[in-house]
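Structural characterization, general
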Amino acid sequence: MWCPRNPTVLLDEFIPLSWVGRAGIMSRNVSASRALKRLVLAPALDLLRGTHTMRCLKELEESQWWPQERIEQLQSERLQRLIHHAYERVPHYRRLMDACGVSPDSIRTAADLSLLPVLTKEDVREHCGELLAEGFPRGELLHGRTSGSTGTPLAFYSSRENRWSHGYARSLRALAWAGVYPGDPVLHIAGRRRDGFVEEAPFNRLVRFLSRDAFENPVDFSDSSLRRVVDRVAALRPHALRGYASAVCIIAEFIRDSGLQAPEVGAIVTGGEQLLDVQRALLRDVFGTEPFSKYSSFENYDIAMECDAHAGMHVAAEDLVVEVVDDEGKPLEPGRLGRVLVTNLHEYGFPLIRYDTADESSFVMGVCACGRSLPRLSAVVGRVGSAIYTPSGKRLSTNTLDSSGLVSLGIRQFQLVQERIDHVTVRVVTNSILSSRDAQTLITSVSAEFRGWIGDDVLVEVAIVDRVELTSAGKHLYLISEVKRPVGREFS
Ligand SMILES: [Zn+2]
C-alpha cells in the first residue's frame, strides 16, 4: 500500500477555526476584529494554503435557506459525480459495483444509494489501498487516524480540499448558528489527549497563535485544576466554551457545588459524545444558556449541529448524504433509530460511500422553527457495544432513556454496565455525600427509574461511586455492554 510522505495532520473535531473568516452578510455592529479576520486574515490564509474555505462558506451561508427540493437537487448532482468518479478511478468501488451489477448511472439520488452495500470500518481497514483514487495527487492527501476510543484505531485519508475547504466551512457555518464568529475568543476544554494524538505541524501552531482560541486541559479534573479552568474562563470571557459534554459538565458541576459565581460564556458547544437531558439542564442552570450539540467525526469532520431552535441537529446535506438504516442497510423512516451512514460528496481522494459511522440516531420529523429545511438528526449515540439487550427481546440505547427523572434524585453522573443479558449495574455519582439511610433510599429510587426503562426481566443493581472513569480519549461512556447481540433473535 502506498504511504504518503505528508506530515500527519491533527484531525480534531475541536480544531480551532476562528482564523478563517466569514464572507456572509456584515452587520453594522460587527467588531473590528471580526471584520479584520473575515476580510483580511481569512482570505490571506486561504491563499497561503491554497484552499477555498471562504468561497465554500459563502455558498453554504446561502444554501442553508434554500427549499428542500433545491438542496436535494444539488446533493443528487454531487452524488452522481462522485459515484461516476468512484467507478472510474477507485478500484474497490469498481469491483464492488461490478459484483453487485450496479452501474454508476443507476445511482441518481440519495435513495438509490441503498443499491450499494454499507462500508464498514473493517472494510476500510482491509481495502485501504484500493480505496485510494487512481491518479489523485498524493500530495493533496492528508493522513488521519481515529483514536480508537470506541474500538480499534483506524487509518484513513482525506483530501486537503475536502477537509480544509468544505469541512472547515461547514464548521464555521455551524458555529455561526451558536452566534460564534471567526475571530471570537473560544475556550476549548480539551480533556485528555487522545490515543495516537500527534504533534502539530508548525503551520497549525502558527494558525493557533493567530486565532483567539485558547485551550484548557483539566488533566485529572481535580479541584485545583478545575479552579484554574474556572479562573481562566472568567478572565477570558470567551464567546464560546467547547468540548466533550462530560468535560464541560464536570466544570459546571464544580462551579455549582463550590458555590462559585458562573463565569460569563457566550455559547456552549459540545461534541464528541451524546449530550444527555440531565447535562443540558445542568449547563442551562449553571451558565444560563442552552447548549448546542454538534456531531462530527474524524473521518467526515463536521456532520450536523443544532440551530438556535435546539430541536435536533441540522445535517449539512449540501456536502453529505446521511442515511439512517437498519441492520440490513435499508433506510428507516424519520423517528426510527438506526445506524448512521455518511457519504461525503467532496471526497475524491479516498471516497467513503455509505460509511458506517458506528453511531446511532434517527431523523427528526417535521420542519424546524428556524426556517432551514436541512434535515435534522436527533441525539447521536455510539453504537458499538452501546445497546442493552434484554431476555424478552428489547434492544435499548441511551437515546431512548429519559434521564430527566435523575435530576430530581440528585444524580450528577451515571453509567450503565451490562455484564449479562439479565444483569445491569448502574453506577451513579451523587451531588452530595449521603448518609447510609439516604443512600439506600436513593438506590431504591434509581433502581425503580431504570427498571421502568429496561423492564422487569433484567436485574438492576445500583452502585454509588465517587467518579465515573473516562476513556483514555476523555470521553464519558454512558453504556458499557459486555453482552453481544444474541444471534438468531429478533430485537425491537
Ligand atoms: Zn433549525
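Here is a short report on the structure shown in this document. Fair warning: this is a prediction, and the values are worked out from it, not measured in the lab.

So, the overall build of the chain
Each helix and strand counted, the chain has 12 helices and 20 strands in total. Summarising the internal contacts of the chain: among those between residues at least 6 apart in sequence, 71% fall at separations of at least 24.

Let's talk about the packing of helix α8 (residues 223-236) against helix α9 (residues 245-258)
As a packed pair, α8 and α9 sit with axes 10 Å apart at the nearest point and diverge in direction by 90 degrees. It follows from the interaxial angle that α8 and α9 lie roughly perpendicular. Together, Leu226, Val229 and Val230 of α8 and Ile251, Phe254 and Ile255 of α9 make up the contact between the two elements. Here the residues of the contact of α8 with α9 sort into six nonpolar, no polar and no charged.

Remarks on the sheet that holds strand β8 (residues 301-306)
Pairing is mixed across the open sheet formed by eight strands, whose spatial order is β4-β3-β5-β6-β7-β8-β9-β13. The open sheet terminates on both sides in strands that have one partner only, identified here as β4 (213-216) and β13 (376-377).

Describing the pairing of strand β17 (residues 411-420)
Relative to strand β18 (residues 423-430), β17 runs antiparallel, the two being bridged by eight bridges. By the bridge assignment for β18, Gln415 is matched with Arg427. From the end of β17 to the start of β18, which pair antiparallel, there are two residues. In this sheet, strand β20 (residues 479-481) lies alongside β17 in parallel orientation, the contact comprising three bridges. From the neighbouring strand, Gln418 faces β20, where its bridge partner is Ser481.

A word on the sheet that holds β20
Across the sheet, four strands lie side by side as β19-β18-β17-β20; this open sheet has mixed pairing. Two strands bound the open sheet, and with one partner strand each, they are β19 (459-464) and β20. For this sheet the average axis-to-axis angle between neighbouring strands, irrespective of direction, equals 20 degrees. Direction of pairing for β18 relative to β19: parallel, over a ladder of six bridges. Across the sheet, residue His423 finds its bridge partner in β19, namely Leu459. Those strands touched by helix α12 (residues 436-454) are β17, β18 and β19, and its axis lies near 140 degrees from that of β19.

Points about the nonpolar core
Within the largest apolar cluster, 112 residues are counted, with the highest numbers of intra-cluster contacts made by Val248, Ile251, Ala252, Ile268, Val315, Leu320 and Val426. Among the elements that take part in this core, α9 stands out by supplying nine residues, more than any other. For this core, the two domains that each supply at least three residues are domain 1 (32-382) and domain 2 (387-481). With near-sequence residues (within four places) excluded, Val315 lies in contact with Ile303, Ala304, Leu320, Val322, Leu374, Pro375 and Leu377.

Criteria and thresholds
- Residues numbered from 1 in each chain as written.
- Predicted model: local features only at pLDDT ≥ 70, side-chain atom pairs only at ≥ 80, totals over all residues.
- Helix = DSSP H or I, 4+ residues; strand = E, 2+ residues; numbered from the N terminus.
- Contact = placed C-beta atoms within 7 Å.
- Axes fitted to C-alpha atoms, helices over the stretch in contact; angles between N-to-C directions.
- Parallel < 35°, antiparallel > 145°, perpendicular 65-115°, else oblique.
- Nonpolar A, V, L, I, M, F, W, Y, C, P; charged D, E, K, R; others polar.
- Pairing = 2+ DSSP bridges.
- Core = buried A, V, L, I, M, F, W, Y, C linked by C-beta atoms within 7 Å.
- Buried ≥ 20, exposed ≤ 12 C-beta atoms within 10 Å, placed from the backbone.
- Domains from an automatic or database assignment.

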